[in-house]
Each structure stands twice: as structure tokens, then as C-alpha cells.
Amino acid sequence: MELVQNFRWFENGEVQDMVIAGGKVVWRGASGTGPTATLAKSLNGATIAPGFIDNHCHIIASGIDLGRLNLTGLDSHEAVLAALRDRNLSEPDGWLLAVQYDQNRYAGGHLTRAELDQISSARPILLRHFNGHASVANSAALEIANVTAETPDPEGGAYRRDASGAPDGVLLEAAHERVWGFVPDPSVEGMADAIIRAGESMAGYGITIACDMQTGRPDLLSELKAYTLALENGCPIDLRLVIQWGAMFGRRAAAPEVIQEHIAAFEATGRGRVVGIKIFADGAIGSATAAIYGAYEGAEPEHGTWSGQLMYAPEKLKAMTLTAHDAGYAVSVHAIGDYAADLVMDAFEATGEPSRHRIEHIMLMSDAQIERLSKIGCAATMQPEFLHRFGHAYLRNLGAERTAKLKRFRSVLDAGIPLSLSSDRPIVPGDPRLAIRTASHRPAGFDATENLTPTEAIFAHTVEAANCLGDTGRFGTLQPGSDARYVLVDDLL
Ligand SMILES: [Zn+2]
């Protein structure tokens, strides 16, 4: 047994000690009153909290991105080309893929395929914009995707063209998605490596457990195999999975007994568990596809009383929620707009046990909706870092007044709704410290009366996040029996 001595507990500032054995807490309480144990560490009065929990993220995608060339911080064509040249030498095979491209940072705007062809004309190269809606391709990538001067633009997208009409390499929206569709899918081993890479990155942030929020797109069985392999091969964090509805119940889903076999193998590792089913109700604010009451800024309501996109008609959403509920699963539904939030609450109520389920994001909520959510009793998770990264897009599409009221942490918490915080990585880098700081000090343009206290924000990224995953007392608490990893938090208080 090892003693960790003389720290302050984040919830009340009490000076405490903790006794640990085999990575688990044996005892924690007032300093100097515990069982005898070998002194492992004295923290000299530093404040600690349990290791963080990220209960809404996309683990394989995060790990794959971490393995790609990252262009963050580069601010000229020359710098981007130099980074590509280095990468082309150090990893010469397959597609050369880079992320976090941002033409707004470069004099001259977008790179073109001619510039990328200088790096390699034989090997396909793709640079993905940080917003995920655009890319630049070289000639080899366009050739693999069969894009020529004669190729028409796809619906909802465009191949930007030079004066002669030939594609110049810049791919917008559907054109970008189409070309990315030719990038080979990773193997099970490749996905397992990505999961471990994501796990190592998250462990570096002090995260002890993460929940993937859409397992099974594109392929549930190979993803389950990859998650199992990652845990067997030393992934440093425990894993929870919320499986995409279609991968479990859709027409193309594998046979239920085959899925259950794969889940059983994953859970047999002792460090993985499937905790629910994911459904999307609507889109996002930046692309004006979140389902909101009224209209987007400068526009008329698109559908009478509301605007944006529903992924499913309300009755279909209800039926899908019921299917998952009846199969014994907790359901997590993505609802960004206020109109979507009401439809999700309708669907949860229709199950008769709404408090078993989770609502994701709830960026736009009226007072009446918050009251309704509190009565229903389901848990909510929000991603503070979005406010930090996407403020401009929110302002453009919603205007100042509605933007100020996005993500009402304080009102949601005060209404008694179990509120957890998470990242949605790889959409954002996902440092929990930045999330906690943003939730307790909302950026300019966002109503400061919706701030949490730092202690409440830490609670939401630890204790409440664990509750939401069914890991109460196992993670996120440092109570006897729980995982013993902790983080220092004086910089957050
Ligand atoms: Zn997500």
C-alpha cells in the first residue's frame, strides 16, 4: 500500500491523504488519520481532482488524425510545402494525408494541385481543412478519384477550376467528401494502433476513460475487433462505446448473435463496455443544419416554424429510440438545435423511462425546455471547447443575441439536470483543462451568467461524466475502490 500525502481535495479544499494499492484507492480522508502505508509522494498542499473523463468523443478518428501530418501553426505556402516534403521522405508509402489546413492563414489563400505536384505527382496527396468541409488534392489524388476537366460538380459541392476549366485541386463540400471516399479504410490493426495513439494522447491530458460516440460507422465488427485488440495491446485508458443505431439495428447490420459475440470479446478484456446506442437528430450550427425554432440569421424560416435539417422524421426518431430502448440500451441522441431537443425529449418520454437516456450537445435551449428536461430527468453532455473554437460561425448563423445564450451550463445545472462535460474530439483538440476553463470563463460574446464555477466544471468532467457512463464509483471519484489516477488542478481554480 502506498500513501499519497498532503493534498487539498478539489470539492472542499480539505487537506487529505490517500492510500493506494494496485492502482485503486484504498482510503482517502483527512490528512494524518488514515491507515499506515509507505509514503509514495507528498503533494505539498497542491489541489487534486480525479482523472478526467471524456464521455463524448470519436476515438478511431482522433487516433487516425494524430497519425497524419498536422499543419496547425503553419502560416505560408512555403511552410506547408516544406512540411509535406519532410513527410514525403519520412513516410514514403500510400496516401500523404494532412489535417488542419487553413488557407485563411496563408498569403495567397488556397494552395493548388500544381504546388502539391511539386512534392509528388505519383503519390496521392490530400490536405483537409480544419473545418472538415474542404480539401486540396494533387493530380494523383484527382486521378484516383477520376476527376477531370469534364467531371461535373457533385450536388452540394464543387471542384474549383482554373481559367481553362481544369480542377485546380481545391475541393469544396461534397467534392471534398467524394475524393476522401477513395482513401483506403484502415485495417483492424491500423484502427487498433489509432485507438492506442488516441488513448496515449488522452492519457497525456489526464483522461482515464473515454467513450466513443458513434462506433460502427463504417463497420461495427472490425471496429469492435480493433477496440478489443487496442485494450489487449496496452491502450492506457479504459474504453466505453456507444454504437451507431444503424450498425446495430439497421438493414445492413450484422446478425445480432455475431455482434453480441464481438461485444462479449471486447468486454472480456475487463476494460471495455458497450454503454448505449447513438442516434443523430439534427446537424450543426456552423453549416446551418441544426434544427432550430425560427430562422437562421438573415433568412426566413425554412419549414414554417423551424429551420435546419432533421436526420429523421419525428415518428421515425421515436420508433428508433424505442427499438434501442426495448433492446435494453441507453440511447444518446445528438440534438444541437432547440427544435431537435423537443423532438428528442418527445422520443425519450415515449419510452416511459426517459431518465435512462442521454441528450448530446443541447446548444440552444429555452427556459421552458430546460425545465422540461429537468422533469424528464435524462442526463446532458456539453462541449465547452466549441464556444472557444467556433464563435465566429455561431455569430454568423445565429446573430449576437442567440449566440450569447448557447450552451447554458449554469441554467442546466441549476435546474438539477445531471450535466457532464466532454470534447467531441477530433472536432476540437480536446484538452479537458481548456473545456473546464471555458465552462467557468465563457469567452467574449457568450453570456457570463451561464458560467459554472471551476469546481462545478471539474465535477462535470469527472464525477458526473462517470455517472453518465454507468461508472459511478469506479472512475472519477477517488473514493475507496475507484481508479486512483488524479490530476493537479490549482491552475483551474
Ligand atoms: Zn460527436
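Along each chain, residues carry numbers from 1 onward, in the same order as the chain's sequence is written. Totals for whole chains, interfaces and linings use every residue, but because this is a predicted model, local features are given only for residues with pLDDT of at least 70 and side-chain atom pairs only at 80 or more, for both listing and counting. Note: side-chain values were computed over all heavy atoms of the structure, leaving out hydrogens and water.

Engineer: What exactly am I supposed to notice about the overall build of the chain here?
Structural biologist: Helix and strand labels come from DSSP, where a helix needs a run of H or I of at least four residues and a strand needs a run of E of at least two; each type is numbered from the N terminus. Of regular secondary structure, the chain possesses 17 helices and 22 strands. Restricting the calculation to C-alpha atoms gives the radius of gyration, and the globule rule supplies 2.2 Å times the number of residues raised to the power 0.38. In terms of overall size, the chain behaves like a compact globule, its C-alpha atoms giving a radius of gyration of 24 Å where 493 residues would be expected to give roughly 23 Å. Oriented by its inertia axes, the alpha-carbon framework of the chain measures out at about 80 × 55 × 50 Å. Relative accessibility decides the category of a residue: with a 1.4 Å probe and only protein chains considered, values under 20% of the type maximum give buried, values over 50% give exposed, and everything between is partly exposed. Out of the 493 residues in the chain, the part that is buried amounts to 55%. Pairs of residues are marked as contacts when any of their non-hydrogen atoms sit within 4.5 Å. Here the contacts in the chain between residues at least 6 apart in sequence split such that 72% fall between residues at least 24 apart. In short, Shrake-Rupley with a 1.4 Å probe defines the accessible areas, and a residue's cover is counted only from the protein chains shown. Surface exposure of the chain reaches about 20,100 Å², of which carbon and sulfur atoms provide 52%. In this tally Asp and Glu are treated as negative and Lys and Arg as positive; neither His nor the chain ends contributes. Here the site of a charge means atom NZ of a Lys, CZ of an Arg, CG of an Asp or CD of a Glu. One finds the centroid of the 42 positive side-chain charges in the chain at a distance of 2 Å from the centroid of its 61 negative side-chain charges.

Engineer: What is the right way to read the environment of Leu171 from this model?
Structural biologist: When you line up the elements, Leu171 lands in strand 12 (residues 167–173). Distance in space between the C-alpha atoms of Leu171 and Ala350 is 43 Å, their sequence separation being 179 residues. With residues near it in sequence (within four places) discarded, Leu171 still touches Leu126, His133, Ala134, Ser135, Ala137, Leu142, Ala158, Tyr159, His176 and Val179.

Engineer: Please explain the coordination of the zinc ion as it appears in this structure.
Structural biologist: For a metal with four donors in a tetrahedral arrangement, the ideal angle between donors is 109.5 degrees, while six donors in an octahedron ideally sit at 90 or 180 degrees. Coordination of the zinc ion by the protein comes from His56 (NE2), His58 (NE2) and Asp424 (OD), over a distance range of 2.1 to 2.2 Å. Excluding water, the donors of a metal are its N, O and S neighbours within 2.8 Å, or within 3.2 Å for Na, K and Ca, and that exclusion means sites may look incomplete. Read N to C, the donor residues that coordinate the zinc ion are spaced as H-x1-H-x365-D. Of the two residues, His58 is situated in the loop between strand 6 (52–57) and helix 1 (59–66) and Asp424 in the loop between strand 21 (419–421) and helix 15 (432–440); the sequence distance between them amounts to 366 residues. Grouping residues by exposure puts His58 and Asp424 together as buried.

Engineer: How do you make sense of the domain arrangement of the chain when you look at a structure like this?
Structural biologist: Accessible area lost upon the coming together of the parts serves often as the stated size of an interface. Looking at the assigned domains, one finds that the chain contains domain 1 (2–45), domain 2 (96–180) and domain 3 (188–476). For domain 1 versus domain 3, the distance between C-alpha centres works out to 34 Å. Where each domain starts and ends follows an automatic or database-derived domain assignment.

Engineer: I tried to follow the pairing of strand 11 (residues 157–161) on my own but got confused; where do I start?
Structural biologist: Regular strands place side chains that alternate from one sheet face to the opposite one. As judged from the four bridges shared by strand 11 and strand 12, these two strands associate in the antiparallel manner. Looking at the pairing, Ala158 lines up with Leu172 of strand 12. By the convention used here, strands pair only if DSSP detects at least 2 bridges between them. Counting the residues that bridge the hairpin from strand 11 to strand 12 gives five residues, and of these Gly165 lies at a positive phi of roughly 95°.

Engineer: Honestly, the pattern of salt bridges in this entry has me stumped. Any pointers?
Structural biologist: Pairing is possible between side chains that carry opposite charge, provided their charged atoms lie close to one another. By definition here, a salt bridge exists when the distance from a side-chain nitrogen of Lys or Arg to a carboxyl oxygen of Asp or Glu is within 4 Å. This structure, assessed with the given rule, holds 27 salt bridges. One salt bridge connects Arg128 with Asp65, and the closest N-O pair in it is separated by 2.7 Å. Within this pair, whereas Arg128 is found in strand 9 (residues 125–129), its partner Asp65 is found in helix 1, the two being separated by 63 residues in sequence. Across the pair, exposure class does not vary: Arg128 and Asp65 are buried alike. A salt bridge links Asp168 to Arg160; the nearest nitrogen and oxygen atoms lie 2.9 Å apart. The class of Asp168 is buried, set by a relative accessible area of 11%. Judged by relative accessible area, Arg160 falls into the partly exposed class, the value being 33%. Bridged by salt links that share partners, the residues Arg240, Arg273, Asp471 and Arg474 form one connected network.

Engineer: Would you mind showing me how to read the nonpolar core here?
Structural biologist: Side chains that are nonpolar tend, in soluble globular proteins, to be buried together. Residues belong to a common nonpolar core when they are buried Ala, Val, Leu, Ile, Met, Phe, Trp, Tyr or Cys residues joined through side-chain atoms within 4.5 Å. By size, the foremost hydrophobic cluster in this structure holds 103 residues, and its most contacted members are Ile59, Ile195, Leu239, Ile359, Ile362, Leu373 and Leu406. Shared between two domains, this core takes at least three residues from each, and those domains are domain 1 (2–45) and domain 3 (188–476). Setting aside its immediate chain neighbours within four residues, Ile195 contacts Ile59, Ile60, Ala226, Tyr227, Ala230, Cys235 and Leu239. Judged by nonpolar contacts, the second largest core, of 17 residues, contains Ala83, Leu84, Ile119 and Ile125.

Engineer: How should I be thinking about the state of the cysteines in this particular structure?
Structural biologist: Simply put, disulfide is the name for a covalent bond between the sulfur atoms of two cysteines. Two cysteine sulfur atoms make up a disulfide if the distance between them is within 2.5 Å. By the definition in use, this model includes zero disulfides. Cys57 supplies the cysteine sulfur nearest to Cys235, a cysteine that is in no disulfide, at a spacing of 11 Å. Using a relative accessible area of 2% as the deciding quantity, one classes Cys235 as buried. As a non-bridged cysteine, Cys378 has Cys468 as the owner of its nearest cysteine sulfur, 9.5 Å distant.

Engineer: Sorry if this is basic, but what is going on with the packing of aromatic side chains here?
Structural biologist: Two numbers describe a pair of aromatic rings. These are the distance of the centres and the angle of the planes. Whether two aromatic rings pair depends on their centres lying within 6.5 Å, for rings of Phe, Tyr and Trp, where Trp uses its six-membered ring; planes under 30 degrees apart make the pair stacked, over 60 edge-to-face, and the rest tilted. The full count for this structure, using the stated rule, is nine aromatic pairs. Between Phe390 and Tyr394, the ring centres sit 6.4 Å apart and the planes meet at 75°, which makes this aromatic pair edge-to-face. Remark: Tyr394 and Phe390 occur in helix 13 (residues 385–404); sequence separation between them is four residues, near one turn of the helix. Residue Tyr394 is classed as buried on the basis of its relative accessible area, which comes to 3%. Among the aromatic residues, ring-to-ring pairing joins Trp245, Phe249 and Tyr329 into one connected group. Directly above the aromatic system of Trp9 lies the positively charged group of Arg28, at a separation of 3.6 Å from the ring centroid. The ring centre of Phe280 lies 4.1 Å from the NZ or CZ of Lys278, which sits over that ring. In this scheme, the term charge over a ring applies when either NZ of a lysine or CZ of an arginine sits within 6 Å of the ring centre and within 35 degrees of the ring normal.

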